[in-house]
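Structural overview
Each chain, written out:
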Amino acid sequence: MRVLAVDDSRTIRDMVRLALDSAGIETKLAEDGEQGLEALEEMGRGAPPDVIITDINMPKMDGFSFIEAVRAKDRYRGVPILVLTTESAPEMKDKARAVGATGWIVKPFDPEKLVSTLRVVSGG
Amino acid sequence: MDPMAEIKASFFVECGDLLESLEEGLLQLQDGDEDPDTINAVFRAVHSIKGGAGAFGLDALVHFAHRFETVLDEARSDRLEMTSDAVRLFLKAADVLSDHVAACRDDVPMDQAKSDSTIAELEALLPEGLVESTQEEDDAVDFTPASLSLDLPPLDDAGADDLTTTITFTPHATLPDSGNEPLFLFRALASLGAVTAQLDASAVPSLADLDPTQSVLRWTLTLEGNPTDAEIMEVFEFAQGLCDVSITRAGGAADAPPLPGLPAGTEDIGPSLASMDDLPDLPPLPDLPSDDELPTKAAKTPQKTETPPAQPTPKAKAPVSAPTVRVDLDRIDRLVNLVGELVINQAMLTQSLAELGVSSSAAVASGLEELQQLTRDIQDSVMSIRAQPVKPLFQRMSRIVREAAEATGKKVRLETEGENTEIDKTVIERLADPLTHMIRNAVDHGLESPEKRAEIGKSEDGNILLRATHRSGRVVIEIEDDGAGINRPKVLQIAQEKGLVPHDAALSDAEIDMLLFMPGFSTAKEVSNLSGRGVGMDVVKRAIQALGGRISIQSEPGKGSIFSISLPLTLAVLDGMIIEVCGQTLVAPLAAITETMTLSDADIQSLDKGTRVVHNRGTFVPLLDLGTEFGYRTEQTHDDEAVVLFLSSEEGEIYALLVDAILEQRQVVIKGLADTYGYVPGVAAATILGDGKIALILDPVDLIKRATAAAGLSLAG
């Protein structure tokens with residue numbers, strides 16, 4: 001399974017990588033929406049990632065814009081996108097849903113649950 | 001190191017960066033910056049700290065950060081006005097946040113009362129009714145892959161015997177656009193209970209009419225157990241609007257009766273959902289014609305034009321950072337050491353070849369020269385790795401100023417210049433304390449009270465300028481205030497009272513200013529909350545000197561003062577004068593040498609106790625015989641031709657060093673002795689010369705102390 005994770009916090013990126021590495025999941029990390037799109041292009045030359053995880057509050061391009069941009073590309077329309085964030089306000093969820101997010105994970109996250117969630121949505 | 005511990009350590013480093021940008025953003029807001037990016041960056045900084053802290057269970061920190069973040073969220077959404085009082089409060093909150101981080105990182109107690117009172121002040125800013133309810137993000141994981149849908153037929157919960165739930169699920173054609181797939185929705189459902197699925201493929205048209213992007217399948221799912229509707233609908237939370245879900249409950253029977261309306265041709269997939277793979281793929285295949293003819297696209301494509309265009313970089317932003325690498329300081333130190341060895345080695349090679357007479361060959365000579373140049377370049381590059389901008393240090397001073405202003409009831413504006421000037425990292429760290437003290441002094445003693453300032457026509461806000469520049473191969477840090485300047489008569493009086501200066505001494509302004517640096521001098525008469533901590537300017541001065549630096553003052557009464565610190569660019573290399581004493585080679589720091597002379601024995605006068613003085617420029621200067629001082633000989637020499645170095649201390653004290661010969665002037669690599677030998681009187685460090693021999697590097701300050709102590713004099717003249 002290949003996962004793209006986008007978050008501006010280095011700590012969170014490290015933790016996601018740690019959780020996924022120990023499950024043998026290939027991870028690519030990006031710091032903000034822009035980098036996320038670049039990483040997507042790179043990964044996409046082979047096969048698109050199986051799941052994308054993204055934060056909402058990021059500089060340069062926030063999570064919502066990032067998800068919109070991803071969904072706008074045909075290649076990635078079917079790719080599950082999980083939002084990973086500390087917020088859980090209904091308006092935020094609505095907005096995420098509106099731009100095409102697949103699911104919502106609240107920080108702080110349990111590494112095992114993250115992995116099992118990824119497996120569920122990716123089938124891998 | 002355990003990976004989680006590593007991540008935690010790096011989290012604290014990240015917090016440091018975030019706190020820096022938090023403060024920077026707030027200061028910009030204070031200056032009237034109205035760019036929404038700024039307040040967003042401020043919000044994100046606190047948000048990120050909270051996010052990371054939550055992962056490590058740092059509850060007090062999370063709690064405070066959460067409150068702070070809530071208020072910032074209001075501010076960035078324009079629901080809260082950014083008055084200057086508000087920004088001042090935010091700055092205070094940033095300080096408290098920084099304290100929380102430090103408390104967690106260093107395991108020291110936190111001033112919880114201050115934290116709570118700051119929270120109260122923050123929440124007082126919130127519009128009525130918005131004070132946070134217990135909406136703490138307590139859920140460790142809340143995976144809700146799909147959201148709750150729509151038209152639920154009225155459910156009959158009465159049956160306690162219900163053992164199965166039937167769910168019909170009809171995805172819309174747009175469902176895959178959100179990355180949702182029936183398969184994993186079913187899997188998620190399976191977490192609630194065993195699921196069997198029956199496919200209704202009746203709506204599938206003939207192959208010729210088949211549009212792969214249309215959703216024509218429908219499932220009937222039988223869920224064992226009795227999950228609540230809420231639980232079921234949670235699974236579909238995010239597919240809300242993208243599918244139809246209806247739930248009916250049946251009692252008892254293991255097999256739900258097939259739903260009405262299923263024509264022949266129903267495939268019973270059974271519990272093995274693997275066969276789903278045989279079905280036409282609902283997510284569009286990559287080589288499908290992608291365009292706008294597809295109805296699904298029209299429904300889901302967001303308006304790209306709505307995405308905000310890239311923000312133009314406001315002028316206040318720092319230069320775009322190049323990619324960086326984080327490196328352990330240990331590794332850099334090792335590298336610095338190795339490069340030092342390289343320099344020494346290269347010098348030794350040069351020397352050996354010279355002795356062999358080989359270096360007269362042009363090829364060898366030019367090769368050596370190139371080697372020397374390369375080595376110097378490598379050395380410069382490596383030393384510059386340790387160089388860091390002073391900006392974080394200056395930002396810390398910003399907080400010191402705020403605290404000092406509050407404590408003394410003065411109004412102070414701090415301006416900084418040259419924040420990107422780079423200094424060796426160790427120097428920066430060791431500058432923090434002296435700088436803090438000088439800033440506090442400036443606020444406490446330098447600046448007048450707002451009332452006094454208004455009286456004499458100055459702005460109520462006192463101004464302090466903190467400046468860093470490179471000047472003639474050194475780094476110069478200046479603290480300039482527009483306060484009252486040094487009260488010279490007062491300083492002289494205090495010095496005289498303390499016996500630091502004879503009562504009839506006539507001192508120049510510069511000399512009076514220097515009195516501040518004398519040990520034992522502290523304006524004890526005005527002990528305040530801050531500076532009166534028993535730390536005098538002499539400690540500051542010694543700290544600067546330990547860094548190889550110098551400190552000086554310029555001051556004008558009524559106008560203000562400038563304290564100047566001059567530091568070497570690198571720590572590890574010294575310009576030295578190689579001298580010989582009793583056959584021993586020593587190094588004297590060139591910076592401390594004012595002149596050298598050859599004197600005849602007649603120029604040296606003996607006082608009692610065996611101390612000797614030398615006549616120099618109208619005064620008598622204590623003479624230190626390095627040979628006896630270091631125990632190389634027992635008898636003082638009385639050569640007819642004595643080579644004397646005149647060294648000066650920062651105070652301008654001159655003393656003379658008697659040596660046998662001066663060999664040459666060179667740059668030497670400093671090798672510390674402290675780790676192995678601890679404090680060695682009169683010796684600062686050591687080096688290895690080109691001939692492989694070790695030479696001790698003298699410590700002028702220490703030598704002066706010993707010389708003047710021996711001579712029983714305090715100030716020359």
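Before reading further, recall that the structure is shown in the block above.
The text that follows walks through the structure, step by step, so that each part is easy to find. (Residues numbered from 1 in each chain as written. Chains lettered and ligands numbered in written order. Predicted model: local features only at pLDDT ≥ 70, side-chain atom pairs only at ≥ 80, totals over all residues. Heavy atoms only, no water.)

1. Considerations on the pairing of strand β10 (residues 550-556) of chain B
All names here are of chain B.
- Burial along β10 is one-sided: the face carrying Ile551, Ile553 and Ser555 is buried and the face carrying Arg550, Ser552, Gln554 and Glu556 is not.
- Direction of pairing for β10 relative to strand β11 (residues 560-568): antiparallel, over a ladder of seven bridges. Across the sheet, the residue bridging to Arg550 is Ser566, located in β11. (Buried < 20%, exposed > 50% of the residue type's maximum accessible area, 1.4 Å probe, protein only. Helix = DSSP H or I, 4+ residues; strand = E, 2+ residues; numbered from the N terminus. Pairing = 2+ DSSP bridges.)

2. So, a negative patch on the surface
- Residues B:Asp2, B:Glu6, B:Asp328 and B:Asp330 make up a contiguous surface patch of negative charge.
- Take B:Asp2: its relative accessible area is 47%, and that puts it in the partly exposed class. (Patch = residues over 30% accessible without salt bridge, like charges linked within 9 Å, V, L, I, M, F, W, Y side chains within 5 Å. Areas by Shrake-Rupley, 256 points an atom, 1.4 Å probe, with all protein chains shown as cover. Salt bridge = Lys/Arg side-chain N within 4 Å of Asp/Glu carboxyl O. Lys, Arg positive; Asp, Glu negative; His and termini not counted. Charge placed at Lys NZ, Arg CZ, Asp CG, Glu CD.)

3. Things to note about helix α6 (residues 182-190) of chain B
- Across the nine residues of α6(B), seven count as buried, placing the element largely inside the fold.
- Taken residue by residue, α6(B) has B:Pro182, B:Leu183, B:Phe184, B:Leu185, B:Phe186, B:Ala188 and B:Leu189 as its buried positions.

4. Notes on the pattern of salt bridges
Residues and elements named next belong to chain B.
- Tallying each qualifying case throughout the model produces 35 salt bridges over all chains.
- With its nearest N and O atoms 3.2 Å apart, the salt bridge here joins Arg67 to Glu123. Taken together, the positions of Arg67 in helix α3 (residues 59-76) and Glu123 in helix α5 (residues 112-124) put the pair 56 residues apart, joining distant regions of the chain. Grouping residues by exposure puts Arg67 and Glu123 together as buried.
- Put simply, Asp482 and Arg453 hold a salt bridge, and the shortest N to O gap is 2.9 Å. On the criterion of sequence distance, the pair formed by Asp482 in the loop between β9 (474-481) and α14 (488-497) and Arg453 in helix α13 (residues 450-455) is long-range, its members being 29 residues apart.
- Under the relative-accessibility criterion, Arg453 is labelled buried at 0%.

5. A closer look at the nonpolar core
Residue and element names in this part refer to chain B.
- In terms of nonpolar packing, the biggest core is built from 81 residues, with Leu22, Phe68, Leu97 and Phe169 touching the most fellow members.
- Every residue in contact with Leu22, bar those within four places of it in the chain, is listed here: Val42, Ala45, Val46, Phe68, Ala94 and Leu97.
- Formed by 49 residues, the second largest nonpolar core is a distinct cluster that contains Leu431, Val475, Ala495 and Val501. (Core = buried A, V, L, I, M, F, W, Y, C linked by side-chain atoms within 4.5 Å. Contact = heavy atoms within 4.5 Å.)

6. Topic: the sheet that holds strand β22 (residues 694-698) of chain B
All names here are of chain B.
- On the basis of which strands lie adjacent, the open sheet formed by five strands has the order β20-β12-β13-β22-β21 and mixed pairing. Both edges of this open sheet fall to β20 (661-669) and β21 (683-688), since each of them pairs with a single strand only. The mean inter-strand angle of the sheet, taken between neighbouring strand axes irrespective of direction, is 35 degrees.
- Of the pairings in the sheet, the one linking strand β12 (residues 573-581) to β20 comprises eight bridges and is antiparallel in character. Among the inter-strand pairings, Leu574 is bridged to a residue of β20, identified as Val668. (Axes fitted to C-alpha atoms, helices over the stretch in contact; angles between N-to-C directions.)

7. Some points on the side chain of B:Asp481
All names here are of chain B.
- Within the secondary structure, Asp481 is located in strand β9.
- Buried within the structure, Asp481 lacks any salt-bridge partner; its nearest side chain of opposite charge belongs to Arg453, at an N-O separation of 6.7 Å.
- Separated by 2.8 Å, the side chain of Asp481 and the backbone nitrogen of Gly483 make a polar contact.
- In this view, Asp481 contacts Ala442, Gly446, Leu447, Asn463, Ile464, Lys559, Gly560 and Ser561; residues no more than four positions away in its chain are not counted. (Polar contact = N/O pair within 3.5 Å; in protein donor to acceptor, adjacent residues only side chain to side chain.)

8. Some words on the environment of B:His66
Residues and elements named next belong to chain B.
- Along the chain, the position of His66 falls in helix α3.
- Overall, His66 belongs to the buried group, its relative accessible area being 5%.
- Counting along the chain gives 19 residues from His66 to His47, while the straight-line C-alpha distance between them is 7.6 Å.

9. Section: the sheet that holds strand β2 (residues 26-30) of chain A
Residues and elements named next belong to chain A.
- Spatially, five strands are ordered β2-β1-β3-β4-β5 in an open sheet, and the strand pairing comes out parallel. Looking at the sheet topology across the chains shown, the edges are occupied by β2 and β5 (103-106). Put simply, the sheet's adjacent strands are angled 20 degrees from each other on average, direction ignored.
- The pairing of strand β3 (residues 51-54) with strand β4 (residues 81-85) spans three bridges and is parallel. Along β4, the bridge assignment pairs Ile53 with Leu82.
- Sitting on the sheet, helix α1 (residues 10-21) is in contact with β1 (2-6), β2 and β4, with an inclination near 175 degrees to β2.

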